[in-house]
Amino acid sequence: MSRIAIIGGTGLTSLHGLEITGREVAQSPYGEPSGVLIHGRFAGHEVLFLPRHGSGHTIPPHAVNYRANIWVLKEAGAEKVIAVNAVGGIRADMEAGSLVIPDQIIDYTWSRKNTFFEHDHDPVVHVDFTEPYCHELREKLVAAAEPAGLKVFDGATYAATQGPRLETAAEINRLERDGCDIVGMTGMPEAVLARELELCYASICLVVNMAAGRGDGEIRMADIEQHIAGGMKRVRRLLEHALSLI
Ligand code: HPA
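The structure presented is a predicted model; accordingly, all values stated were derived computationally and were not measured.

**A look at the packing of helix α2 (residues 135-148) against helix α5 (residues 221-245)**
Packed helices, taken two at a time, are described by their axes: the angle between them and the distance between them. Across the interface, α2 lies against α5 with an axial gap of 8 Å and an inter-helix angle of 115°. With respect to each other, α2 and α5 are oriented roughly perpendicular. The two elements α2 and α5 cross, and the hand of that crossing is right-handed. Of α5, the residues touching α2 (which contributes Lys140, Leu141, Ala143, Ala144, Ala145, Pro147 and Ala148) are Arg237, Leu238, His241, Ala242 and Leu245. Across the contact of α2 with α5, the residue classes tally to nine nonpolar, one polar and two charged.

Below, the structure is given as structure tokens:
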């Protein structure tokens, strides 16, 4: 069975139900990953777990060392990576609480280290990114919804924004015109770095708020936190069922 890694996002800094069998202070040539790499068993399966924002949720999206995180997972033997991302809903039916398995990305981030191929003397590499997520892994996440008794949206375009601020209403209108359905700050460059290291990578997105200008007024952190608390239980249930299909 291939080794599976889970990258926890906002609201998933620890994985309830994970039986920890080891903690590894992993190093990378690109600097420090977000924290200690957890080895363990979840729903009867061997997994690696890394919280993207650190165990105390102190690393903001633009400051995450995405290269170090992906590198240490690959080094630890991961072949498949399931990322969990909190997002805002742009499409009206992708309301707070929804689970979405995106199939496309538009990258609006800037100044992030977005490649492993950066040295002048290396041959130039242009990875194919037509389909940014691993098809087989996406299918398993979607298939897990039924036995888990959950509804997921199969396919969406994820807008990756720079943050850490939320967007303006006009920016969200523009993202919608571009064809984006959900918006988050952590989807890139994580997905492309995984592709560069030939990892099979897919994402479970939890909608924690309606995007700017789509809800009733200001986006309140208290509301987001409420949706995270309830939603992450469902993310865990989806993960449990997905692992048994992989
Ligand atoms: N915008 C960007 N990132 C997010 C949002 C949002 O509305 N909600 C959660 N992450």
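Resuming the write-up.
**Focus on the environment of Thr109**
By the secondary structure assignment, Thr109 is in the loop between β7 (104-107) and α2. Since its relative accessible area comes to 17%, Thr109 is described here as buried. Sequence-wise, Thr109 and Ile59 are 50 residues apart; in three dimensions their C-alpha atoms are separated by 16 Å. Residues within four places of Thr109 in sequence aside, it is in contact with Ala160, Thr161, Gln162 and Met188. For Thr109, the side chain forms a polar contact with the side chain of Asp107, separated by 2.6 Å.

**Regarding the site of the ligand**
What surrounds the ligand is the set Ala86, Val87, Gly88, Leu166, Glu167, Val183, Gly184, Met185, Val208 and Asn209. Taking Ala86, its main chain carries an N or O atom lying 3.4 Å from a nitrogen atom of the ligand. Look at the ligand: alone it shows 260 Å² of surface, and the protein chains cover 92% of it. The set of elements that each furnish at least two residues to the shell around the ligand consists of β5 (80-89), β10 (182-184) and β11 (200-210). Sort the elements by how many residues they give to the shell around the ligand and β5 lands first, with three residues. Here the residues of the shell around the ligand sort into six nonpolar, three polar and one charged.

The rules behind each value
- Residues numbered from 1 in each chain as written.
- Predicted model: local features only at pLDDT ≥ 70, side-chain atom pairs only at ≥ 80, totals over all residues.
- Heavy atoms only, no water.
- Axes fitted to C-alpha atoms, helices over the stretch in contact; angles between N-to-C directions.
- Helix = DSSP H or I, 4+ residues; strand = E, 2+ residues; numbered from the N terminus.
- Parallel < 35°, antiparallel > 145°, perpendicular 65-115°, else oblique.
- Left-handed = near helix turned anticlockwise from the far one by under 90°.
- Contact = heavy atoms within 4.5 Å.
- Nonpolar A, V, L, I, M, F, W, Y, C, P; charged D, E, K, R; others polar.
- Buried < 20%, exposed > 50% of the residue type's maximum accessible area, 1.4 Å probe, protein only.
- Polar contact = N/O pair within 3.5 Å; in protein donor to acceptor, adjacent residues only side chain to side chain.
- Near = heavy atom within 4 Å.
- Areas by Shrake-Rupley, 256 points an atom, 1.4 Å probe, with all protein chains shown as cover.

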